[in-house]
Amino acid sequence: MNSIIQYIAESLLTGFLFWLLFRIVSEKGCSYNFQRIYLLVSSTLVLLLPLVKIPLNSVISMPSIELPAIMVVPDAPPAPYTEMAGIRGIVILLYLTVVILTLLRLIIQLTSLSALYLKGVVEHRDKLVIVRNSRVKSPFSLYRYIFMPANTGYDTENTIIAHEEAHYMRGHSADLLLMNILRSLLWFNPFIHILYRNIVSLHEYQADRDVLDRGADVTIYQKLILNLQFGLTPEIANSLHNSLTIKRFKKMKTMIQKRNSPLAVIATTLATMAIVVFVSCTYNYASAENPSNGTPVSNDVLNSPAVPDQPQEKEKVIKAEYLTVMPQFQGGDMSKFVQWIAQNVKYPAEAKAKKIQGKVIATFILTKEGKITKVKILQGVNEFLDKETVRVISSSPDWTPGYLDGKPQNVEFAFPVVFKLN
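Right, let's walk through the structure included here. Keep in mind that this is a model prediction, so the values were computed, not measured. (Residues numbered from 1 in each chain as written. Predicted model: local features only at pLDDT ≥ 70, side-chain atom pairs only at ≥ 80, totals over all residues. Heavy atoms only, no water.)

### A look at the overall build of the protein chain
- Each helix and strand counted, the protein chain has 13 helices and 15 strands in total.
- For the protein chain, with 422 residues in total, the buried portion stands at 44%.
- Once local pairs closer than 6 in sequence are excluded, the contacts in the protein chain between residues at least 24 apart make up 76%. (Helix = DSSP H or I, 4+ residues; strand = E, 2+ residues; numbered from the N terminus. Buried < 20%, exposed > 50% of the residue type's maximum accessible area, 1.4 Å probe, protein only. Contact = heavy atoms within 4.5 Å.)

Right, here's the structure in full:
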């Protein structure tokens with residue numbers, strides 16, 4: 001449950017920072033092409049960045065086998081650690097339901113466009129396909145397909161086609177498809193919807209500029225846009241009447257192609273990199289609600305005693321996915337080892353008295369002789385909880401080792417143990 005809340009919070013924060021950067025720097029000092037790239041990249045990062053975690057305080061990677069966690073509660077038998085599985089399931093179900101509904105909405109829009117095409121009058125004009133249908137109230141386009149009302153004046157039609165052709169030549173439909181998919185996946189994030197509106201407006205500014213560069217009269221062109229303001233078009237399509245009209249009119253009057261300010265481009269690039277680092281890089285704090293006071297854990301806690309007759313030189317440890325036969329514990333799979341730990345772990349009385357709780361992650365090597373050795377704390381909480389975790393894992397009976405091509409192998413495991421007070 002905590003991971004879901006963390007993702008939502010980081011997604012909201014990322015969206016806000018990218019939107020703020022766009023409004024302060026990019027929108028005012030960068031060209032339309034640069035703004036477009038920025039909006040597409042930043043919107044994608046709003047989805048991906050919260051999923052990327054780069055640890056700053058450790059180069060230790062998690063072992064290839066991570067055992068399921070157990071929860072240890074005083075005066076109660078340990079149980080699998082589910083992190084509020086019931087509520088988590090409801091949240092995931094709600095999220096997926098809205099995602100499916102929004103994606104279905106896009107599919108319905110595409111289906112309706114197909115119906116307009118099949119029932120309309122189709123005309124091929126160079127790379128463009130003009131579709132005239134009486135059901136179309138305001139012209140719009142999707143890729144090279146331009147949908148027009150059945151009756152449109154010659155001059156008006158040429159201007160509309162020039163506008164929609166500009167969308168096609170610049171690949172704006174691909175932008176809208178990507179943004180609508182991101183809006184479906186991030187429906188809970190208001191900033192992704194704001195970034196979507198920004199890129200829709202940007203598309204219209206670019207198309208307006210292309211039409212005016214072809215020699216269209218500004219006044220006549222503005223009147224055409226006003227006449228088309230009340231038409232309805234699919235969100236996935238480009239349309240002449242999209243975006244805030246007054247703002248578009250002001251930009252038309254300047255008649256100047258917006259250029260990049262080197263300072264704005266540098267500031268946007270550096271700020272974007274800073275946001276990426278800020279959101280994705282994390283410090284592996286001990287996951288305790290009442291963390292320890294920072295006293296270093298002694299070496300006798302971090303390392304289990306050496307296994308008798310076990311060579312101490314460093315031996316090769318392979319990844320679990322390379323094994324042809326997985327390790328076994330007392331005739332069962334690895335879940336049986338988790339059950340054995342649950343039956344033998346104890347909540348330290350000292351930790352209970354001091355109200356210390358948290359999540360300990362330990363690693364250990366299962367040798368090719370089937371013995372557990374080199375038990376270490378990857379993420380600790382407190383000396384008492386760390387010692388108990390090392391003690392119970394180190395006291396494990398022998399295993400049946402994993403095999404690769406008929407030969408036993410050393411394999412590394414990670415095992416989370418959650419100590420939780422009532």
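### Section: the pairing of strand E15 (residues 407-419)
- Burial runs high along E15: ten of the 13 residues are buried.
- Of the pairings in the sheet, the one linking strand E3 (residues 70-73) to E15 comprises three bridges and is parallel in character. Along E15, the bridge assignment pairs Ile70 with Val417.
- Across two bridges, the pairing between strand E11 (residues 317-318) and E15 is parallel. Across the sheet, residue Val317 finds its bridge partner in E15, namely Asn410.
- Sheet topology places strand E14 (residues 402-404) next to E15; three bridges connect them, and they run antiparallel. (Pairing = 2+ DSSP bridges.)

### Some words on the side chain of Gln409
- Residue position: Gln409 is located in strand E15.
- Residue classification places Gln409 among the buried residues on the basis of a relative accessible area of 16%.
- From its side chain, Gln409 meets the backbone oxygen of Lys407 in a polar contact 3.4 Å long.
- Excluding its chain neighbours within four sequence positions, the residues that come into contact with Gln409 are Ile318, Leu323, Leu366, Thr367, Lys368, Pro401, Gly402, Tyr403 and Leu404. (Polar contact = N/O pair within 3.5 Å; in protein donor to acceptor, adjacent residues only side chain to side chain.)

### Section: the nonpolar core
- Counting residues in each nonpolar core, the largest one holds 37 residues, and the members touching the most others are Phe337 and Phe415.
- Elements with a minimum of two residues in this core: E3, helix H11 (334-344), strand E12 (358-366), strand E13 (372-379), helix H13 (383-394) and E15.
- A per-element tally of this core places H11 first, with six residues.
- Residues Val25, Cys30, Tyr32 and Ala264 belong to the second largest nonpolar core, which totals 29 residues. (Core = buried A, V, L, I, M, F, W, Y, C linked by side-chain atoms within 4.5 Å.)

### Topic: H13
- Over its twelve residues, H13 runs 16 Å from end to end, which matches the ideal 16 Å to within 8%, given 1.5 Å per residue.
- Turning to H13, its buried residues are Leu385, Asp386, Glu388, Thr389, Val390, Val392 and Ile393.
- Between the side-chain oxygen at the start of H13 and the backbone nitrogen of Phe384 there is a gap of 2.8 Å, and the oxygen is on Asn382. (Expected span 1.5 Å × (residues − 1).)

### Re the pattern of salt bridges
- Applying the stated criterion across every chain yields a total of eleven salt bridges.
- One salt bridge in this structure joins Lys371 and Asp398, with 3.1 Å as the shortest N-O distance. Of this pair, Lys371 sits in the loop between E12 and E13 while Asp398 sits in the loop between H13 and E14, and the two are 27 residues apart along the sequence.
- Among the residues examined, Lys371 registers a relative accessible area of 25% and is labelled partly exposed.
- Each member of the salt-bridge network shares a partner with another, and the members are Glu123, Arg125, Arg132 and Glu157. (Salt bridge = Lys/Arg side-chain N within 4 Å of Asp/Glu carboxyl O.)

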